[in-house]
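# Summary of the model geometry
Letter by letter, the chains look like this.
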Amino acid sequence: HLHLAQLRGSVLNQKTERCRRCEGYGAKVSSLEQQLKLVHNEMAELRRLLHAWQSELRNGMVTLQTIVPALLRKANQGSTELAELQARYRKERARRRELHNALVDMRGNIRVHCRVRPVLEFDQDPQGDHRVE
């Protein structure tokens, strides 16, 4: 019987030790359950945000699909207008150069045809006015 009593005591000690461990595990389990709930709530919020962002992205893509072709058309028009303006500028620059050269040529011819000399004493009237012949 002594042996049986020792075994019962050992079993009770082990049972008590296990109960103490179980109480510690119970606290850990409830802490983990709370953390799990928080994680589930965060995941739900992230899913909601994901769906909202996907919706916004779809709307943005639709907007881009309508805006991009219009912008491309305007860019092509701008390129065409730029090419036309460049052609006009080259033409006007050539015309200006021609006119400038003609003006310089006329000035030179006028200088040659109308040489001006200083006024001499015999060119003046008795009243002191200049006379030109």
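Preceding this paragraph is the structure being described.
Residues numbered from 1 in each chain as written. Predicted model: local features only at pLDDT ≥ 70, side-chain atom pairs only at ≥ 80, totals over all residues. Heavy atoms only, no water.

Attention now moves to the overall build of the protein chain. Per the secondary structure count, the protein chain includes 1 helix and 0 strands. Counting across all 133 residues of the protein chain, residues that qualify as buried make up 1%. Carbon together with sulfur atoms contributes 59% to the accessible area of the protein chain, which is approximately 13,000 Å² in total. (Helix = DSSP H or I, 4+ residues; strand = E, 2+ residues; numbered from the N terminus. Buried < 20%, exposed > 50% of the residue type's maximum accessible area, 1.4 Å probe, protein only. Areas by Shrake-Rupley, 256 points an atom, 1.4 Å probe, with all protein chains shown as cover.)

Another aspect to go through is the pattern of salt bridges. Counted according to the given criterion, the structure contains 2 salt bridges. Between E45 and R48 there is a salt bridge whose closest N-O contact spans 2.5 Å. Linking E45 with R48, this pair stays in helix α1 (residues 2–113), spanning 3 residues, or about one helical turn. Among the salt bridges present, the one from E98 reaches R95, with a minimum N-O distance of 3.7 Å. Of this pair, E98 and R95 both sit in helix α1, 3 residues apart, roughly one helical turn. (Salt bridge = Lys/Arg side-chain N within 4 Å of Asp/Glu carboxyl O.)

Here we take up a nonpolar patch on the surface. Residues L57, M61, L64, V68 and L72 make up a contiguous nonpolar surface patch of roughly 470 Å² in combined accessible area. Note on placement: L64 falls in helix α1. (Patch = residues over 30% accessible without salt bridge, like charges linked within 9 Å, V, L, I, M, F, W, Y side chains within 5 Å.)

Time to look at a positive patch on the surface. Judged by side-chain charge, R90, R93, R96 and R97 come together as a positively charged surface patch. Within the element layout of this structure, R97 appears in helix α1. Given a relative accessible area of 44%, R97 falls into the partly exposed group. (Lys, Arg positive; Asp, Glu negative; His and termini not counted. Charge placed at Lys NZ, Arg CZ, Asp CG, Glu CD.)

This is a description of form; function is not addressed.
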